[in-house]
Amino acid sequence: MIYTTKKEPTYQQKAVALDDMILTKDSPTSAGSKMLENFTSLFDGTVVEKLAENYEIVGKVTVSEFSRGMLADSAVAALDEKQIKGVIGVETNGAYTRSAALSGKVFVKPTYGTVSRFGLIPVACSGDTVGVMADNAETCEELLSVIAGHDDKDGTSLPQEMIEKAKEVTPVKKVAIVKGFDGAAVESAVEKARAQGVEIFEVDGEILLQAKAAWAILSSAEFCNNVSKYDGVKYGYRAKGCRTIEDIYVKSRSEAFGTDVKTAILYGSHVLSSDNYEKMYDKALRVRRLVREYLDDLLTKVDAVMLPACSTANLSVNAISVYEESLYTAPASITGLPVVVASGVQWLGKPLAEGSLLAFSKQL
Amino acid sequence: MQDLLDTLEKVNQLALTQDEKASVQAYFERVAQDLPSFAEVDTQNVTPMVYVMPLSNVLREDESSQPFTRDDLQKGAPEAEDGYWEVPRLIE
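What you are looking at is a predicted structure, and each value in this text was computed from that prediction instead of being measured.

Enquirer: I'd love a proper account of the interface of chain B and chain A, names of residues and values included.
Expert: Bring the parts together and some accessible area is lost; that lost area is often taken as the interface size. If you look at the interface, chain B gives 49 residues, while chain A gives 61 residues. Between chain B and chain A, the buried area comes to about 4900 Å², and carbon and sulfur atoms account for 69% of it. Contact with chain A buries area across many residues of chain B, yet Tyr27(B), Phe38(B) and Met49(B) alone supply 16% of it, more than any other trio. At the boundary of chain B with chain A, the tally comes to four salt bridges. The tally of links between chain B and chain A comes to 22 residue pairs in polar contact (both at pLDDT 80 or more). Of all the elements in the fold, those that place two or more residues in the side of chain B that touches chain A are helix H1 (2-11), helix H2 (18-40) and helix H3 (70-73) of chain B. Per element, the largest residue contribution to the side of chain B that touches chain A is 13 residues, and it comes from H2(B). A breakdown of the residues in the side of chain B that touches chain A according to their chemical character gives 33 nonpolar, eight polar and eight charged.

Now the structure itself:
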């Protein structure tokens, strides 16, 4: 639920919430972890500065630990209960995509590099993307236009002239669906698209099935490195009664991190070990290129690729279940391509196609 | 598997409970089921893709600055005194 509500919105049309992965200097940022439960940043993230110019940031929504969990259900609850315009949150492993699809919200994960990552708690840096969840595509469009833009403080930020292209709108007339990706809401989404005159093509995207394992490898490796700094010394949680420096490291990390985070840390260091680096980490980087090249080529023939956002199973919250569900979200996570979640499914486009995807989703 | 997990725990400065170890092991085993088909993907002539968007070298002006004071930085310290982060004595 809402983690900290600074105030009731004074003007609902300008009220937004952030998720707890985005650093704010006037309220704590915990990333859903005991490790950072009392942590307050000394600076605001770039998206916070951009929003503060014209919007009222009324609070933050909780996230699963380091946003690695199944859902972003606090964001949905905040939209439903707190009468805010939208939630700005970090998509790292599909939680926002699944939650938007299951709740009927709209979510845009823009092209990697269009929104600054400066001032985020990093999870998997090569895929972490700030997105917008709202009740409708118009609001996503509005808030995305506010937070997008080049930022010198983010080394992966795209040039402004490229980011401007994301506002261009090209009609979506042809959509591909992919064999092997059977999931929730596909049939009804296909019907809605066809009703708009969209042609649907089925393609054999076998390589996309490999994105799941590849992203598990890459995201765990990056995560393992990103959380190695949490040692109980400089900031964050420190275990009580430690007699040695090793005690501080081991007890603080062991007491503060949850099981799924520990799982990801161990798996990340496993794939980076000298025995596995080539066959797992390096291999995953190569598979990433194949997935991206496949989608780049496919997106010269169609205007969007429709993928389910999740399976039809009841979603559990453990690491294995999240891994299973990442089958659907890993293609976008690993390639940095833009996705709009609408009508319960994902609509994935070529780089900087988010404007087109959002315009299309308004018709559904 | 147990030896592997013990080593990984150690290098990551973690101590897992038996229940946690069981969860970690189950995860490793589940992902391992997908690795044979992953390994079969022909990547011999494929370049690793580290960045998903084209990037050029990013440089800034070489100007020094001090955005935060030592006091600022130690506001979040678990234990600090006289401008130092406190840890147990390292050398007797």
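Enquirer: Explain the packing of aromatic side chains to me, using residue names and the numbers behind them.
Expert: Residues and elements named next belong to chain A. What the rule picks out here adds up to 15 aromatic pairs over all chains. Between phenylalanine 66 and tyrosine 230, the aromatic rings sit 5.8 Å apart at their centres with planes inclined by 35 degrees, giving tilted as the arrangement. Residue phenylalanine 66 is found in the loop between strand S3 (56-61) and helix H2 (73-81), and its partner tyrosine 230 is found in the loop between helix H7 (211-226) and helix H8 (245-256); the two are separated by 164 residues along the sequence. Since its relative accessible area comes to 0%, phenylalanine 66 is described here as buried. Residues tryptophan 347 and phenylalanine 360 carry aromatic rings whose centres are separated by 5.1 Å and whose planes lie at 80 degrees to one another, so their mutual orientation is edge-to-face. One end of the pair, tryptophan 347, is in strand S11 (residues 345-348); the other, phenylalanine 360, is in helix H12 (residues 354-362), with 13 residues separating them in the sequence. Taken individually, tryptophan 347 and phenylalanine 360 each receive the classification buried, so the pair is uniform in this respect. Here the aromatic cluster, defined as three or more aromatic residues joined through ring pairs, consists of Phe39, Phe66, Phe223, Tyr230, Tyr235 and Phe257. In this structure, lysine 14 packs its charged tip against the face of tyrosine 55, placed 4.6 Å from the ring centre. The ring of phenylalanine 223 has arginine 68 sitting right over it, with the charged end atom 4.9 Å from the ring centre.

Calculation rules
Residues numbered from 1 in each chain as written. Chains lettered and ligands numbered in written order. Predicted model: local features only at pLDDT ≥ 70, side-chain atom pairs only at ≥ 80, totals over all residues. Heavy atoms only, no water. Contact = heavy atoms within 4.5 Å. Buried area = accessible area lost by both parts, 1.4 Å probe. Salt bridge = Lys/Arg side-chain N within 4 Å of Asp/Glu carboxyl O. Polar contact = N/O pair within 3.5 Å; in protein donor to acceptor, adjacent residues only side chain to side chain. Helix = DSSP H or I, 4+ residues; strand = E, 2+ residues; numbered from the N terminus. Nonpolar A, V, L, I, M, F, W, Y, C, P; charged D, E, K, R; others polar. Phe/Tyr/Trp six-rings, centres within 6.5 Å; stacked < 30°, edge-to-face > 60°. Buried < 20%, exposed > 50% of the residue type's maximum accessible area, 1.4 Å probe, protein only. Lys NZ or Arg CZ within 6 Å of the ring centre and 35° of its normal.

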